Amino acid sequence: MSNKFTILFAVIVVCGLVSFISTNGTDRFFGKKTVENITYKMPSQWDGNISTKQFRLLEVTLKEKGDFSLVLFSNIQGSAQQNIDRWINQFQIDNYDDIIVDQDSLKDKTISTVQLYGTYEVPNMINRNAPKEMKEDYGLLGGVVEFKNSIYFVKAVGNNQIIKNNIQPFNEFIYSISLK
């Protein structure tokens, strides 16, 4: 008699799982979130909000606060290299040999990353003639995720130590980005 209940319970669980996946897809089952036409997995220590600003898809801060912000962009101009060069030029750096740039070609996407530390010149897109805001002891984690017909840019800036503490979550985030 207990075998019948065990089998019935297993059938109900499997049917529930199949129903959940058929309704929601596998992304939600695996903890992935969606914005526009991509999915991603948000690191547990981050808090993300869908952005209402032009070109920005997602804005991320740390749950425990701290001097860190990350933005996921789409449809901005330029290639991966042009954007990485622009990000590098937003910093005053003592030793350019300390900049880490990598590229990883995967089956369905190419991921380019940059990591650097120095004095950050905060871009002012609204008033380019405004006095420059400079932030010392700052770092950047940048990533570009290129698919066959689309490209996404991820830029995180913040305090040096906070940036260093978020290298692994940043990499997990950008590698989790996939097309729906």
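None of the values given here were measured: they were computed from a predicted structure.

Colleague: Can you help me understand the overall build of the protein in this one?
Modeller: Counting its regular elements, the protein contains four helices and eleven strands. For the protein, the proportion of its 180 residues judged to be buried stands at 37%. Sequence separation of at least 24 residues holds for 53% of the intrachain contacts in the protein that already meet a minimum separation of 6. Accessible surface, the protein: about 11,300 Å² in total, of which carbon and sulfur atoms supply 51%.

Colleague: Explain unusual backbone geometry to me, please; I cannot follow it from the model alone.
Modeller: Most of the time, phi is negative for any residue but glycine, and the peptide bond is trans. Unlike most non-glycine residues, Glu 36 shows phi in positive territory, near 50 degrees. Topologically, Glu 36 is positioned in the loop between strand 1 (33–35) and strand 2 (38–40). In this structure Glu 36 comes out as exposed when scored by relative accessible area, which is 52%. In this structure, Lys 65 is a non-glycine residue whose phi angle is positive, near 60 degrees. Looking at the secondary structure, you find Lys 65 in the loop between strand 4 (56–62) and strand 5 (68–74). In this structure Lys 65 comes out as exposed when scored by relative accessible area, which is 61%.

Colleague: Sorry, what's going on with the confidence of the model for the protein here?
Modeller: A low pLDDT means the predicted coordinates there should not be read in detail. With 85% of its residues at a pLDDT of 70 or more, the protein shows a mean pLDDT of 87. Put simply, helix 1 (residues 2–29) is where the protein has its lowest mean pLDDT, 56, and helix 4 (residues 167–176) is where it has its highest, 98. Note on residues 21–30: pLDDT under 50 across the span, and eight contacts to partners over four residues away in sequence or across chains.

Colleague: So what exactly am I meant to see when it comes to the nonpolar core here?
Modeller: One recurring pattern in soluble globular proteins is that nonpolar side chains are buried together. Residues Trp 46, Leu 70, Leu 72, Phe 173 and Ile 177 are the most contacted members of the largest nonpolar core, which totals 25 residues. Elements represented by at least two residues in this core include exactly strand 2, strand 4, strand 5, strand 9 (133–146), strand 10 (151–159), helix 3 (160–165) and helix 4. Among the elements that line this core, the one with the most residues is strand 4, at four residues. Sequence-distant contacts of Trp 46, that is, excluding residues within four places in its chain, are made with Val 60, Thr 61, Leu 62, Lys 63, Phe 68, Leu 70, Asn 166, Pro 169, Phe 170 and Phe 173. Formed by 18 residues, the second largest nonpolar core is a distinct cluster that contains Val 71, Phe 91, Ile 99 and Val 157.

Colleague: Please clarify how the packing of aromatic side chains should be interpreted in this entry.
Modeller: Aromatic ring pairs are described here by two measures, namely the spacing of the ring centres and the angle between the planes. According to the stated counting rule, one finds six aromatic pairs in the structure shown. Among the aromatic residues, ring-to-ring pairing joins Tyr 40, Trp 46, Phe 68 and Phe 173 into one connected group. The ring of Tyr 117 carries Lys 164 above its face, with NZ or CZ at 5.1 Å from the centroid.

Analysis parameters
Residues numbered from 1 in each chain as written. Predicted model: local features only at pLDDT ≥ 70, side-chain atom pairs only at ≥ 80, totals over all residues. Heavy atoms only, no water. Helix = DSSP H or I, 4+ residues; strand = E, 2+ residues; numbered from the N terminus. Buried < 20%, exposed > 50% of the residue type's maximum accessible area, 1.4 Å probe, protein only. Contact = heavy atoms within 4.5 Å. Areas by Shrake-Rupley, 256 points an atom, 1.4 Å probe, with all protein chains shown as cover. pLDDT = per-residue confidence, 0-100. Core = buried A, V, L, I, M, F, W, Y, C linked by side-chain atoms within 4.5 Å. Phe/Tyr/Trp six-rings, centres within 6.5 Å; stacked < 30°, edge-to-face > 60°. Lys NZ or Arg CZ within 6 Å of the ring centre and 35° of its normal.

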